[in-house]
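Structural overview for review
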Amino acid sequence: MARRCVLPSSFLLLLASCSGPTSSEHEIVDTPEAAPTRVEAPTPPEPKDGAKSELDSSDECGRTTGRNEEGQCEALRTREVEHVQQVQIPAGRFVMGDVPRTYTTAVGRHDPRERWPGQPPRYADSESFWIDLHEVTRGEYEKCVESGSCTPAQCFDGVDPVEKFSDEAAALIPQTCVTHAQATTFCETVGARLPSETEWELAARGVDVRIYPWGNDMRDEYNAMLVPVNVIRGDSSYFGIRGMGTNALEWVSDTYEVDNGLEPYLGKPFRDDNGPLMKAEAARGPRFVMKGGKAGARRDKAGADRRLGFRCAADVSPDDGALKIPAEVPTINVLRPGTSELLVFGGIAEAVSRKEAEQFCDALRIPQGPLTLEGFRLPTLAEIQAMADAFRGPGPFWSADGSAVQKGKGNDAPWEIEESTPKDALGARCVVPLNG
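A brief report on the enclosed structure follows. Residue indices begin from 1 for each chain and proceed along its sequence in written order. Totals for whole chains, interfaces and linings use every residue, but because this is a predicted model, local features are given only for residues with pLDDT of at least 70 and side-chain atom pairs only at 80 or more, for both listing and counting. Only heavy atoms go into the side-chain values, all of them from the structure, while hydrogens and water stay out.

1. Considering the nonpolar core
In terms of nonpolar packing, the biggest core is built from 29 residues, with Ile-89, Ile-131, Phe-239 and Ile-241 touching the most fellow members. In this description a helix means any DSSP run of H or I spanning at least four residues, a strand means any run of E spanning at least two, and both kinds are numbered starting from the N terminus. Elements with a minimum of two residues in this core: strand S5 (85-89), strand S6 (92-96), strand S9 (129-132) and helix H4 (197-205). A per-element tally of this core places H4 first, with 4 residues. When residues no more than four places from it in sequence are discounted, the contact partners of Ile-241 are Val-87, Ile-89, Ile-131, Asp-132, Leu-133, Ala-203, Asp-235, Ser-236 and Arg-311. Here, nonpolar core means buried Ala, Val, Leu, Ile, Met, Phe, Trp, Tyr and Cys residues that are tied together by side-chain atoms lying within 4.5 Å of each other. Note on classification: 1.4 Å probe, protein chains only; a residue is buried when its accessible area is under 20% of the maximum for its type, exposed when over 50%, partly exposed between these limits. Contact definition: two residues touch when any of their heavy atoms are within 4.5 Å.

So, in structure tokens, the structure goes:
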């Protein structure tokens, strides 16, 4: 039976040391605790002068909280399961997606693929669910192997990422070098499943559209090396989940589908089966989504990798009682003013032919209150030049006049038409007149 408790509004996490072999190269991981730090149940604050307590407030909820059935703020619930402590993520709507700084699409001519598949931002809905506080460790995975339920992980490049770590530290490193099938099997063995991409991103991002699980600032001190799950580096997410922006990349349950981020804004398909990206996708074969780093980014992968691990999730039962997201979803607007007469759609179609670019614009359907905006088209070169700040390069992008590319760096660099063929795999960005 899983034990349920609640998560405090702030964590005090202390790292203890233990004896064992150490090295200056890996000193951060060579003095681990015997086990990852659990989150203890908090003592609710006493009301002052008749005021509501912090956890009873129905109008001000903070991080690591959700709203209960009465609409009041409640600290997140946790439970102990066989392999880890799990946290209940509240149900509700949030913003998924990612916005890259620039769009360099020329490489699509010889290598058609999606390079910014997390874009553009869009709303997503999730039921409440349980998710592991941290990644599945090598120690827990080894127990599954020893029981005969799991198969041994293999690093196909021949490099064991923990070969220089102490045994104690290695047992607390996220289990990597597993295939999607191996990760799925482990979760099923402990009565769980892999999280969906939507669930993973909600647990990582929370409700305030943060770029990274810990916030909006790049943190250079969070390096790419694997560390024990009990080494807390300040990278906890909005809901207090650990390691989602650092440590291992992670499998989720979703198969990789192109244009996943664009689908909410499309009224019909726009790609041709013989188009450049779809032909390349057929050759690459089926893959699964992996997450990590920027909360809204998504990557694709077919096999195991020494940086690729996983964590498990589970449904919330009626007896658990489901919390709801504690704050209203922020407003997003995927239309930006381009000129006084044009709006620019915030997403792009990657690796499209000229025909597919035109079909993409024609397929766009953007909700605007009770109405749906359509009638998008490719811009002319003159229009791109007039709205360079909003259009964002350097491209090349298909335009009404051909392939438009920004020559030079910076938003004020000139846009020009360059030589291309209609079958070239370039980017497409669409505009719509303000007057419809």
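After that view of the structure, there is still more to cover.
2. Some remarks on the packing of aromatic side chains
Side-chain rings of Phe, Tyr and Trp (the six-membered ring for Trp) are treated as a pair once their centres are within 6.5 Å; stacked means planes under 30 degrees apart, edge-to-face means over 60, and tilted covers the remaining angles. For the structure on display, the rule yields 15 aromatic pairs. Here the aromatic rings of Tyr-103 and Trp-116 are separated by 5.1 Å at their centres, their planes lie at 85°, and the arrangement is edge-to-face. You can see Tyr-103 sitting in strand S7 (residues 103-104) and its partner Trp-116 sitting in the loop between S7 and strand S8 (122-126), a full 13 residues away along the chain. Assigned by exposure class, Tyr-103 and Trp-116 land together as buried. Judged by centre distance (5.0 Å) and plane angle (85°), the ring pair of Tyr-238 and Phe-239 falls under edge-to-face. Among the residues examined, Tyr-238 registers a relative accessible area of 6% and is labelled buried. A network of ring pairs unites the aromatic residues Tyr-103, Trp-116, Phe-391, Phe-397 and Trp-415 as a single cluster. One cation-aromatic arrangement involves Arg-429 over Phe-391; the distance from NZ or CZ to the ring centre is 5.9 Å. For a Lys NZ or an Arg CZ to count as sitting over a ring, it must be within 6 Å of the ring centre and within 35 degrees of the ring normal.

3. A few points about the sheet that holds strand S17 (residues 349-352)
One bridge is not enough; two strands pair if DSSP finds at least two bridges between them. Spatially, 5 strands are ordered S17-S24-S21-S22-S23 in an open sheet, and the strand pairing comes out mixed. In this open sheet, the two strands that pair with only one neighbour each are S17 and strand S23 (415-418). Averaged over all neighbouring strand pairs, the angle between strand axes comes to 45°, with direction disregarded. Direction of pairing for strand S21 (residues 397-399) relative to strand S22 (residues 402-406): antiparallel, over a ladder of 3 bridges. The partner of Ser-399 across the bridge, within S22, is Gly-402. Comment: axis = line fitted to C-alpha atoms, over the contacting stretch for helices; angle = value between 0 and 180 degrees taken between N-to-C directions. Against the sheet, helix H6 (residues 354-363) touches S17, S21, S22 and strand S24 (426-428), its axis set at about 155° to S17.

4. A look at helix H5 (residues 276-284)
Listed in full, the buried residues belonging to H5 are Pro-276, Leu-277, Ala-280 and Glu-281. Down the axis, H5 shows its buried residues gathered within 125° of arc, on one side only. In H5, the exposed positions angled more than 90 degrees off the buried face are occupied by Lys-279, Ala-282 and Ala-283. Looking one or two residues beyond H5, the residue adopting positive phi is Gly-285, at roughly 80°. Starting at the helix axis, one direction is taken to each C-beta atom, and the arc is that of these directions.

5. Section: unusual backbone geometry
Geometrically, the link from Gly-393 to Pro-394 is a cis peptide bond, its omega value of 10° lying close to zero. The residue Pro-394 is located in strand S20 (residues 394-395) in this model. The omega angle of the peptide bond from Gly-395 to Pro-396 is 10°, so this bond is cis rather than trans. Its identity is not glycine, yet Val-209 carries a phi of approximately 55°, on the positive side. Among the structural elements, Val-209 can be located in the loop between H4 and strand S10 (249-255).

6. Focus: the pairing of S9
Here S9 shows two buried faces, one formed by Phe-129 and Ile-131 and the other by Trp-130 and Asp-132. Bridge count for S5 against S9 is 4 bridges, and the pairing is antiparallel. Within S9, the position partnered with Gln-88 by the bridge is Trp-130. Looking at chain direction, S9 and strand S14 (residues 313-315) are connected through 3 bridges and run antiparallel. By the bridge assignment, Trp-130 is partnered in S14 with Ala-314.

7. Quick notes on the pattern of salt bridges
Basic side-chain nitrogens of Lys or Arg form a salt bridge, by our definition, when they fall within 4 Å of a carboxyl oxygen of Asp or Glu. Counted by the stated rule, this structure contains 29 salt bridges. Here Arg-109 makes a salt bridge to Asp-424, at a shortest N to O gap of 3.2 Å. With Arg-109 in the loop between S7 and S8 and Asp-424 in the loop between S23 and S24, this pair connects stretches of sequence that are 315 residues apart. Salt-bridge contacts for Glu-374 lead to Arg-365; the nearest nitrogen and oxygen are separated by 3.6 Å. A network of salt bridges, in which partner residues are shared, links Glu-197, Glu-201, Arg-205, Lys-291 and Arg-298.

These figures come from the coordinates and say nothing about function on their own.
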